[in-house]
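# Structural description and commentary
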Amino acid sequence: MSANDDAKLLEGAALIAQRAGDLIMELYEEQAYATYEKADESPVTSADYAAHRFITEQLAELSPDIPILSEEGAHLSLAERQQWSRYWLIDPIDGTQEFIARSGDFTVVIALVEQHQPHLGVIYWPAGDKLYLAQRGAGAFRRDINGEQRLRVRQLQQPDSDPVILAISRRQPRERVMQRMNPDRNLSTLPAGSCSLKACLIAEGQADCFLRVGPTGEWDTAAADVIVGEAGGSIVSESFTPLTYNEESQLGNPNFLILGDPRVPWQDVFIRHRNPSEA
């Protein structure tokens, strides 16, 4: 695909994410949704399903030849998915727990994955009316009431010793993360909602790092992978290896890290936990 074609797809996906956000906010503000429990005991709402239907329909119109994989849709077998050279990967509402808790910290996430690597990424935060988007090799940007701004991770003056800002979940047990941090490194914490919103905080320099312990899906990280990467950071597993996309039968992620300033010796900041039962 040409860069021009990529740009059109990115802008199309961005518009779809914003329109889905409008739909979600209408249901959110009117509290016109029902809450259910998935087989894995995680919550889902009728708003997730409504957003899923809207996004998949709109993406199918935007690019009829590109398959779509959604958290809330049918998950095809690896044998079927392996035939895809590229596909849309979406999370209609990332942060369903935040949606239910009415914190406003939830996002719409759309990524285009090519040859097992995220290539385009869109994250829209409806409550804050902020749009984050990136194309591999073309930079990461935020659009809000103040216009468009290019994103860069925060650069520490002394990467080896300056305090780092750790984005941390409001819903997950804090100790699961803190016991993996080197006590010799000074840090402060910044509570935030969905995984993708924490990624955006790192991409725009408000936080430096994030550790996710526990189950997530590839749809939780694909768009963030592009946005953070184009802002100068990275997303890696807890073993500091790249995440993979559409290469496993299951669509789950390992525990992962979102990292800002690449000059920081992150393997000294995070101490890999040795208890596999908590992985």
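Residues numbered from 1 in each chain as written. Predicted model: local features only at pLDDT ≥ 70, side-chain atom pairs only at ≥ 80, totals over all residues. Heavy atoms only, no water.

### A word on the overall build of the protein
Short version of the rule: Comment: elements are numbered from the N terminus, with helices defined as DSSP H or I runs of at least four residues and strands as E runs of at least two. Classification of residues uses two cut-offs on accessible area relative to the type maximum, computed with a 1.4 Å probe and protein chains only: under 20% is buried, over 50% is exposed, and between them is partly exposed. Residue contacts are counted whenever heavy atoms from the two residues lie within 4.5 Å of one another. Where accessible areas are quoted, they stem from the Shrake-Rupley method and a 1.4 Å probe; at the residue level, only the protein chains shown are allowed to cover. Only four residue types enter the charge count, namely Lys and Arg as positive and Asp and Glu as negative; His and the chain termini do not. Where a charge lies is defined by one atom per residue type, namely NZ (Lys), CZ (Arg), CG (Asp) and CD (Glu).
In terms of regular secondary structure, the protein is built from eight helices and 14 strands. Expressed along its principal axes, the backbone C-alpha trace of the protein runs to roughly 50 × 45 × 40 Å. The buried share among the 279 residues of the protein stands at 53%. Across the protein, every contact between residues at least 6 apart in sequence was considered, and the portion connecting residues at least 24 apart equals 61%. For the protein, the exposed surface amounts to about 12400 Å²; the carbon and sulfur share of it is 46%. Here the protein holds 25 positive side-chain charges and 41 negative ones, and the gap between their average locations is 4 Å.

### Here's the deal with the sheet that holds strand 10 (residues 164–169)
Going by this rule: Should DSSP find at least two bridges between two strands, the strands are taken to pair. In this description, a line fitted to the C-alpha atoms serves as the axis of each element, helices being fitted only across the stretch in contact, and the angle between N-to-C directions of two axes falls anywhere from 0 to 180 degrees.
Across the sheet, five strands lie side by side as 11-10-12-14-13; this open sheet has mixed pairing. Strands with a single pairing partner mark the edges of an open sheet, and in this sheet they are strand 11 (187–192) and strand 13 (234–237). Averaged over all pairs of adjacent strands, the angle between strand axes in this sheet comes to 25°, irrespective of strand direction. Sheet topology places strand 13 next to strand 14 (residues 256–259); four bridges connect them, and they run antiparallel. Note on strand 14: the bridge partner recorded for Ser237 is Phe256.

### Some thoughts on helix 7 (residues 222–230)
Burial analysis of helix 7 places eight of its nine residues in the buried class, which makes it a mostly covered element. Along helix 7, the residues classified as buried are Ala222, Ala223, Ala224, Asp225, Val226, Ile227, Val228 and Glu230.

### Observations concerning the UniProt feature "binding site: substrate" (unreviewed entry) in the protein
In plain terms, the rule: UniProt positions are given in the numbering used here, feature names are shortened, and annotations may be inferred rather than shown by experiment. Counted as a polar contact is a pair of N or O atoms within 3.5 Å, where, for protein atoms, one must be capable of donating a hydrogen and the other of accepting one, and residues adjacent in sequence contribute only when both atoms are in side chains.
The UniProt record marks Glu71, Ile93, Asp94, Gly95, Thr96 and Asp220 with the feature "binding site: substrate" (unreviewed entry), using the residue numbering of this structure. Considering the C-alpha atoms alone, the annotated residues occupy 150 residues of sequence yet fold into one spot, their largest mutual distance being 12.2 Å. Relative to the assigned elements, Asp94 resides in strand 4 (residues 86–94). Sequence-distant contacts of Asp94, that is, excluding residues within four places in its chain, are made with Asp105, Phe106, Thr107, Val109, Ser194, Cys195, Ser196 and Asp220. Inspection of the secondary structure puts Asp220 in the loop between strand 12 (209–212) and helix 7. Given a relative accessible area of 11%, Asp220 falls into the buried group. Other than its neighbours up to four places away in sequence, Asp220 contacts Asp91 and Asp94. Separated by 2.7 Å, the side chain of Asp220 and the backbone nitrogen of Gly217 make a polar contact.

### Looking at unusual backbone geometry
The general pattern is negative phi for most residues beyond glycine and trans for most peptide bonds. Backbone geometry places His116, a non-glycine residue, at a positive phi of 75°. Within the element layout of this structure, His116 appears in the loop between strand 5 (107–114) and strand 6 (117–125). The backbone phi angle of Asn246 is positive, close to 60°, even though this residue is not glycine. Tracing the backbone shows Asn246 in the loop between strand 13 and strand 14.

### Here's the deal with the nonpolar core
Under the convention used in this document: Definition of nonpolar core: a set of buried residues of the types Ala, Val, Leu, Ile, Met, Phe, Trp, Tyr and Cys, connected through side-chain atoms within 4.5 Å. An automatic or database domain assignment supplies the residue ranges for each domain.
With 37 residues, the main nonpolar core has Leu89, Ile123, Ile227 and Ile258 as its most contacted residues. When contributions to this core are tallied by element, the ones reaching two or more residues are strand 4, strand 5, strand 7 (130–135), helix 6 (195–203), helix 7 and strand 14. Here this core spans two domains, since at least three of its residues come from each of domain 1 (3–150) and domain 2 (164–269). Residues contacting Ile227, with those up to four places away along its chain left out, are Gly121, Val122, Ile123, Tyr132, Leu133, Ala134, Ala140, Leu151 and Ala203. Residues Leu27, Ile66, Val108 and Tyr124 belong to the second largest nonpolar core, which totals 32 residues.

### Quick notes on the pattern of salt bridges
Operational definition: Between Lys or Arg on one side and Asp or Glu on the other, a salt bridge is scored when a side-chain nitrogen of the former is within 4 Å of a carboxyl oxygen of the latter.
Tallied over the full model, the rule gives 11 salt bridges. Linking Asp105 and Arg170 is a salt bridge whose minimum nitrogen-to-oxygen distance equals 2.4 Å. A residue pair is termed long-range when its members are at least 10 positions apart, and Asp105 in the loop between helix 4 (96–101) and strand 5 and Arg170 in the loop between strand 10 and helix 5 (174–178) qualify at 65 residues. By relative accessible area, which is 9% here, Asp105 ends up buried. A salt bridge links Arg263 to Asp261, with the shortest nitrogen-to-oxygen separation between them at 2.7 Å. Taken together, the shared-partner salt bridges in this structure form one network comprising Glu11, Arg143 and Glu148.

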